[in-house]
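Close look at the chain arrangement
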Amino acid sequence: MEELGHYYCNALYYLNSDKTLKDKCEHRAIKWTYSVLVPLQKLKEKIIQGLDLYDLADYFNVDCKYMIECINFYVEKYGVLV
């Protein structure tokens, strides 16, 4: 899915590109992936409904590690989710 993020966000780079450009493109692609797989509003709704980490991961059809990374991304960007 992240590779689709590179495509849809035009976050493409060459293998010999500098690290700064690669990191920027990777971040854009990951951000797109989070927003598609785990939309913020839907995540907030499910947290308010009382779903725990495992239920959230199951609901969004991702593994727990990915769910944690996604939640951390949203918390870092927006602060407290609920």
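Residues numbered from 1 in each chain as written. Predicted model: local features only at pLDDT ≥ 70, side-chain atom pairs only at ≥ 80, totals over all residues. Heavy atoms only, no water.

**With respect to a positive patch on the surface**
Applied cut-off: Patches here are clusters of residues that have more than 30% relative accessible area and form no salt bridge, with a 9 Å joining cutoff for like charges and a 5 Å cutoff for nonpolar side chains (Val, Leu, Ile, Met, Phe, Trp, Tyr). Values of accessible area rely on a 1.4 Å probe in the Shrake-Rupley scheme; residue burial ignores everything except the protein chains shown. Here, a salt bridge means any side-chain nitrogen of Lys or Arg that lies within 4 Å of a carboxyl oxygen of Asp or Glu. Asp and Glu are treated as the negative residues and Lys and Arg as the positive ones, with His and the ends of the chain left uncounted. Charge placement uses NZ in Lys and CZ in Arg. For Asp and Glu, CG and CD serve respectively. We count a stretch as a helix when DSSP gives it H or I for four or more residues in a row; a strand needs E for two or more, and each element gets its number in order from the N terminus.
A cluster of basic residues, Lys24, Arg28, Lys31 and Lys77, forms a positive patch at the surface. Counting residues per element, the positive patch draws most heavily on helix α2 (residues 19–37), which supplies three residues.

**Focus on the side chain of lysine 46**
How we decide: Note on classification: 1.4 Å probe, protein chains only; a residue is buried when its accessible area is under 20% of the maximum for its type, exposed when over 50%, partly exposed between these limits. Here a polar contact means two N or O atoms within 3.5 Å. Within protein one must be a hydrogen donor candidate and the other an acceptor candidate, and residues neighboring in sequence count only if both atoms are side-chain atoms. The contact criterion used throughout is that any non-hydrogen atoms of two residues lie within 4.5 Å.
Take lysine 46: it is sitting in helix α3 (residues 40–48). Buried within the structure, lysine 46 lacks any salt-bridge partner; glutamate 45 is the closest side chain of opposite charge, at an N-O distance of 5.5 Å. Separated by 3.2 Å, the side chains of lysine 46 and glutamine 49 make a polar contact. Look past the residues within four positions of lysine 46 in its chain and what remains in contact with it is Leu51, Leu56, Tyr59 and Phe60.

**Notes on the nonpolar core**
Short version of the rule: Put simply, a nonpolar core is a bunch of buried Ala, Val, Leu, Ile, Met, Phe, Trp, Tyr and Cys residues held in one set by side-chain atoms that sit within 4.5 Å of each other.
Grouped together as the largest cluster of nonpolar side chains are 15 residues, with contacts concentrated most on Leu43, Phe60, Met67 and Tyr74. Breaking this core down by element, the ones donating at least two residues are α3, α4 (53–60) and α5 (64–78). In contact with tyrosine 74, other than residues within four places in its own chain, are Tyr34, Ser35, Val38, Pro39, Leu40, Leu43, Gly79 and Leu81.

**Observations concerning the packing of aromatic side chains**
The line we're drawing: Here a Phe, Tyr or Trp ring, Trp counted by its six-membered ring, pairs with any other such ring whose centre lies within 6.5 Å, and the pair is stacked when the planes are under 30 degrees apart, edge-to-face when over 60, and tilted otherwise.
On inspection of all chains with the given rule, the structure shows seven aromatic pairs. Look at tyrosine 7 and tyrosine 8: their rings are 5.1 Å apart centre to centre, the planes differ by 75°, and that puts the pair in the edge-to-face class. Accessibility expressed as a relative area gives 55% for tyrosine 8, which makes it exposed. Members of the aromatic cluster, joined through ring pairs, are Tyr34, Tyr66, Phe73, Tyr74 and Tyr78.

**Examining the pattern of salt bridges**
Applying the stated rule across the entire model yields three salt bridges. The shortest N-O distance in the salt bridge between aspartate 23 and lysine 19 comes to 2.8 Å. In this pair, aspartate 23 and lysine 19 both sit in helix α2, four residues apart, roughly one turn of the helix. Judged by relative accessible area, lysine 19 falls into the exposed class, the value being 59%.

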